Amino acid sequence: MKAIQIRDNIYWVGAIDWSVRNFHGYETGRGSTYNAYLIIDDKITLIDSTKKEFSAEILSRISSVIDPAKIDYIVCNHLEADHSGSMNDILQYCPNAQIFVSQPNGLKNIAKFCGEHSYNGVKAGDTLNIGKRNLTFVPVPMLHWPDSMVTYCPEEKILFSNDGFGQHLATNERFDDEFDYSILMHEAKKYYANILMLYGRQAQTTLKTVANLDIEMILTGHGISWRSHIKDILDLYNKWSNFEADEHKALVVFDSMWHSTELIAKTIGEAFNAKGISTKYCDLKVVHYSDIVTDFLDSEYIAVGSPTLNNNMMPNVAAFLCYLKGLTPKKSNRKALAFGSYGWGGQSIALVQKELEEIGFDIFHDMIRIANQPTDEDLDNIYNSIIEKL
Ligand SMILES: Cc1cc2nc3c(=O)[nH]c(=O)nc-3n(C[C@H](O)[C@H](O)[C@H](O)COP(=O)(O)O)c2cc1C
């Protein structure tokens, strides 16, 4: 397989994963890529690698430019196996290559990911000269692991951003001006929501650092890289990392066995719409939670409903709330409501509300509990009561 030239003597040598549909629970309907970059300078330098399953692919792309035995330096911006998994296989060809990883967090753990080798720890601002070019290391802890860092090349004005600004997208195109803009931005938002939403503070710190750099290209660790829409993606990261909500957006998330909770969900949505708040229905039987959190990222309101099943909420709803709880920053101040139908005990609704409170949402309306199927009168009451609160 061939490398793709990015600039003179800089190549993309990553792998395209057309088939991946589940990435640690995140539904990746458009696949993904594991991006790695090769710089040919006095010291031949590889930046990041791929999942282990793609060792042959990265090695063949590297081999289309140089003999992998000639690699002098490898930069590991992030230990996670999608960026480091093939490093051990690559090192079989260039056992004397020097490896650079963040210090202390990368250095502490890299052997567990890449095997026993000699590693060099780098700190904020450390610079590695590779010939005509320099590489400056900028650790970005918890964006999204403790070891995460980005690498900047001032001579090229390129930021190798690893997981920052990436998207899960399998594509032969490498740059933002070669690909459908709205799909790209949607996937960038989905990536931020599912991987980085919890780490808004760290993203803000990174954005401040990035703002001081002269950047012509952001070469990402996944999907498409940025050269024409850098300002757009930085502005969006600023908005997302501030956790800014649109007061005209609501989500109604539910599961339902016999449609009663579903009827309540539709009524709640109609009330939102009547107040000019655009509402998305998310039936957990068919909408994946990684898509729901993408919409949640900028929705002011969220209503979550579950019928009672065996004294509990539905498993789908519990899974969604568990995922949402893990990703939502503290003090999020989003507005929430619990609802559902039940047959006798009706425990699910209070359990949902408790989870919403624990996540830190403002409960803007009393929980809605309806025994069995809601009557027209029940639905009218729900509609009017919600209108009153909005
Ligand atoms: C398998 C099963 C278990 C149930 N367990 C409970 C329960 O423990 N407590 C309760 O109040 N209702 C229970 N119900 C009744 C449902 O909550 C009730 O039928 C409700 O109206 C269903 O809402 P839905 O139409 O949104 O699915 C159960 C129903 C089924 C089918």
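Computed from a prediction, not measured in an experiment: that's the story for all the values here.

A. Expanded view of the overall build of the protein chain. What the protein chain contains, in helices and strands, is 12 helices and 22 strands. Taken along its principal axes, the extent of the C-alpha atoms in the protein chain is 80 × 40 × 35 Å. For the protein chain, buried positions account for 46% of its 390 residues. For the protein chain, restricting intrachain contacts to residue pairs at least 6 apart in sequence, the fraction spanning at least 24 positions comes to 71%.

B. Broad picture of the UniProt feature "domain: Flavodoxin-like" (unreviewed entry) in the protein chain. The feature "domain: Flavodoxin-like" (unreviewed entry), as given by UniProt, occupies residues 250-390 in the numbering adopted here. When the span residues 250-390 is considered, its composition is 45% helix and 23% strand, and the gap between its end C-alpha atoms is 11 Å.

C. Looking closely at the packing of helix α9 (residues 289-296) against helix α10 (residues 315-327). Direction vectors running N to C along α9 and α10 enclose 45 degrees, while the axes themselves pass 10 Å from each other. It follows that α9 is oblique to α10 by the angle criterion. As α9 runs across α10, the sense of the crossing is right-handed. Of α10, the residues touching α9 (which contributes Tyr 289, Ile 292, Val 293 and Phe 296) are Ala 319, Phe 320, Tyr 323, Leu 324 and Leu 327. Considering only residue class, the contact of α9 with α10 consists of nine nonpolar, no polar and no charged.

D. Here's a closer look at the environment of Ser 290. With respect to the helices and strands, Ser 290 occurs in helix α9. Here Ser 290 falls in the buried class, since 22 other C-beta atoms lie within 10 Å of it. Counting along the chain gives 99 residues from Ser 290 to Tyr 191, while the straight-line C-alpha distance between them is 9.2 Å. Apart from residues no more than four positions distant in its own chain, Ser 290 is found in contact with Tyr 26, Glu 27, Lys 190 and Asn 194.

E. Region of the structure containing the environment of Ala 265. Relative to the helices and strands, Ala 265 resides in helix α8 (residues 260-274). The exposure class of Ala 265 is buried, given the 25 C-beta atoms found within 10 Å. Considering only alpha carbons, one finds Ala 265 and Val 252, 13 residues apart in sequence, at a separation of 6.3 Å. Here Ala 265 is in contact with Val 252, Phe 254, Tyr 281 and Gly 305, once residues within four sequence places are set aside.

F. Seen up close, the site of the ligand. If you check the shell around the ligand, you find 18 residues, and the closest are Met 257, Trp 258, Thr 261, Pro 307 and Gly 343. For the shell around the ligand, the secondary-structure elements that each account for two or more residues are α8 and β20 (335-342). Of the residues contributing to the shell around the ligand, the split by class is six nonpolar, 12 polar and no charged.

G. A look at unusual backbone geometry. With an omega of 10 degrees, the peptide bond running from Gln 103 to Pro 104 counts as cis. Assignment of secondary structure puts Pro 104 in the loop between β10 (98-102) and α4 (105-114). Here the residue pair Leu 143 and His 144 is connected by a cis peptide bond, since its omega of 15 degrees sits within 30 degrees of zero. Mapped onto the secondary structure, His 144 falls in the loop between β13 (134-139) and β14 (149-153).

H. A look at the nonpolar core. Formed by 106 residues in total, the largest nonpolar core has its most connected members in Tyr 37, Ile 74, Cys 76, Val 252, Val 253, Ile 268 and Val 304. A per-element tally of this core places helix α5 (residues 181-196) first, with seven residues. Looking at which domains feed residues into this core, each of domain 1 (4-241) and domain 2 (246-389) supplies at least three. Ignoring anything within four residues of it in the chain, the contact list for Val 252 reads Ala 265, Ile 268, Gly 269, Thr 279, Tyr 281, Cys 282 and Ala 303.

Thresholds applied
- Residues numbered from 1 in each chain as written.
- Predicted model: local features only at pLDDT ≥ 70, side-chain atom pairs only at ≥ 80, totals over all residues.
- Helix = DSSP H or I, 4+ residues; strand = E, 2+ residues; numbered from the N terminus.
- Buried ≥ 20, exposed ≤ 12 C-beta atoms within 10 Å, placed from the backbone.
- Contact = placed C-beta atoms within 7 Å.
- UniProt positions renumbered as here; feature names shortened; annotations may be inferred.
- Axes fitted to C-alpha atoms, helices over the stretch in contact; angles between N-to-C directions.
- Parallel < 35°, antiparallel > 145°, perpendicular 65-115°, else oblique.
- Left-handed = near helix turned anticlockwise from the far one by under 90°.
- Nonpolar A, V, L, I, M, F, W, Y, C, P; charged D, E, K, R; others polar.
- Near = placed C-beta within 6 Å.
- Core = buried A, V, L, I, M, F, W, Y, C linked by C-beta atoms within 7 Å.
- Domains from an automatic or database assignment.

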